[in-house]
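Take a look at the letters that make up each chain.
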Amino acid sequence: IVPFLDDKGRPYQYTAIRHEITERKRIEMELREQAALKRLGEMAAVVGHELKNPLAGLRGALEIIARRMPSDSSDVRIVKEMVTRIDSLNQMVQDLKRQRAQLVEKEYVDNIIGSMSDILMVIDPHAMIRTVNRAACKLLGYEEHELIGQPARAVMGDELLGQGSGVEPLLTRG
């Protein structure tokens, strides 16, 4: 709020300046969540790495102990069960690493596309819409699911595609 002052320094009128920041705040929250997911993934990778080496040593030692035991010993079954549990932990670490890589890549790209304030529309070589961001949906007046898979010409019209805009060569060449 900005006051307008008279000759005596007293306010006689106020002007309020405001901007809609809801979308910006939502995007900022998404970016913070993305950063937290990335940190969590990095921490999981470190923990996984730190677990994997000792588990490999422990597994190797247990296998040696099992080979040295008499085959009819009841302890062999216990040692084999321990090896099985170590293998299970190693598999969990591998799964975590794989999931982390997929999650970070997909969410990173989705976050960039979704948070752009300019229109973004990804069109395949056949001029079919493959991806759009919120700005494109808002500008064109469609929901995302209504745009995906549609021909770009049907949504944007010939006046925007190929009428000297420089887009036509991209659509015909792919």
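This one's a predicted model, so the numbers in the text were calculated from it and none came from an experiment.

What counts and how
- Residues numbered from 1 in each chain as written.
- Predicted model: local features only at pLDDT ≥ 70, side-chain atom pairs only at ≥ 80, totals over all residues.
- Heavy atoms only, no water.
- Helix = DSSP H or I, 4+ residues; strand = E, 2+ residues; numbered from the N terminus.
- Buried < 20%, exposed > 50% of the residue type's maximum accessible area, 1.4 Å probe, protein only.
- Contact = heavy atoms within 4.5 Å.
- Areas by Shrake-Rupley, 256 points an atom, 1.4 Å probe, with all protein chains shown as cover.
- Pairing = 2+ DSSP bridges.
- Phe/Tyr/Trp six-rings, centres within 6.5 Å; stacked < 30°, edge-to-face > 60°.
- Core = buried A, V, L, I, M, F, W, Y, C linked by side-chain atoms within 4.5 Å.
- Salt bridge = Lys/Arg side-chain N within 4 Å of Asp/Glu carboxyl O.
- pLDDT = per-residue confidence, 0-100.

(A) Summary view of the overall build of the chain. Within the chain, the secondary structure is distributed over 6 helices and 4 strands. Across the chain, helices and strands are ordered from the amino to the carboxyl terminus as β-β-α-α-β-β-α-α-α-α. Evaluated residue by residue, the chain yields a buried proportion of 19% over its 174 residues. When contacts within the chain are restricted to residue pairs at least 6 apart in sequence, those whose partners lie at least 24 apart make up 30%. In the form shown here, the chain has an accessible surface area of approximately 13200 Å², with 58% of it arising from carbon and sulfur atoms.

(B) The pairing of strand β4 (residues 129-132), seen in detail. Across 3 bridges, strand β3 (residues 121-123) lies against β4 in antiparallel orientation. Within the sheet, the bridge partner assigned to Ile123 lies in β4 and is Ile129. Hairpin geometry of β3 and β4 is characterised by an intervening segment of 5 residues between the two adjacent antiparallel strands and by a positive phi of about 65 degrees at Ala127.

(C) Geometry of the packing of aromatic side chains. Taken as a whole, this structure holds 1 aromatic pair when the rule is applied. Consider the rings of Phe4 and Tyr12, whose centres lie 6.4 Å apart with planes at 50 degrees: the pair is tilted. Given a relative accessible area of 53%, Tyr12 falls into the exposed group.

(D) Looking closely at the nonpolar core. Met121, Ile129, Val132, Ala136, Cys137, Leu147, Ala152, Val155 and Met156 form the largest nonpolar core, which has 9 residues in total. Looking at this core, the elements with two or more residues in it are β4, α3 (134-140) and α5 (152-156). Here this core gets 3 residues from one element, more than from any other, and that element is α5. Among the nonpolar cores identified, the runner-up in size contains 6 residues, and Leu55, Val79, Val83 and Ile86 belong to it.

(E) Fine view of the pattern of salt bridges. Evaluated as defined, the whole model comprises 8 salt bridges. The salt bridge involving Glu30 is made with Arg26; its shortest N-O contact spans 2.1 Å. In this pair, Glu30 and Arg26 are both assigned in helix α1 (residues 22-68), 4 residues apart and thus about one turn of the helix distant. Arg26 sits in the partly exposed class, given a relative accessible area of 26%. Its relative accessible area of 26% is what places Glu30 among the partly exposed residues. Connected via shared salt-bridge partners are Arg26, Glu30 and Arg134.

(F) A look at the confidence of the model for the chain. Model confidence for the chain is summarised by a mean pLDDT of 77, while 76% of its residues fall at 70 or above. Mean pLDDT in the chain bottoms out at helix α6 (residues 168-173), which sits at 46, and peaks at helix α4 (residues 144-147), which reaches 92.

(G) Examining the pairing of strand β2 (residues 11-15) more closely. Both strand β1 (residues 2-5) and β2 contribute to a ladder of 4 bridges, which runs antiparallel. From the neighbouring strand, Val2 faces β2, where its bridge partner is Thr15.

(H) Molecular detail of unusual backbone geometry. Even without being a glycine, Ala127 presents a positive backbone phi close to 65 degrees. Residue position: Ala127 is located in the loop between β3 and β4.

(I) Geometry of the environment of Phe4. Examined against the element boundaries, Phe4 turns out to sit in strand β1. Owing to a relative accessible area of 36%, Phe4 belongs among the partly exposed residues under this scheme. A sequence separation of 11 residues divides Phe4 from Thr15, and the C-alpha atoms of the two residues are 7.8 Å apart. In this structure, Phe4 is in contact with Arg10, Pro11, Tyr12, Gln13 and Thr15, ignoring residues within four places of it in sequence.

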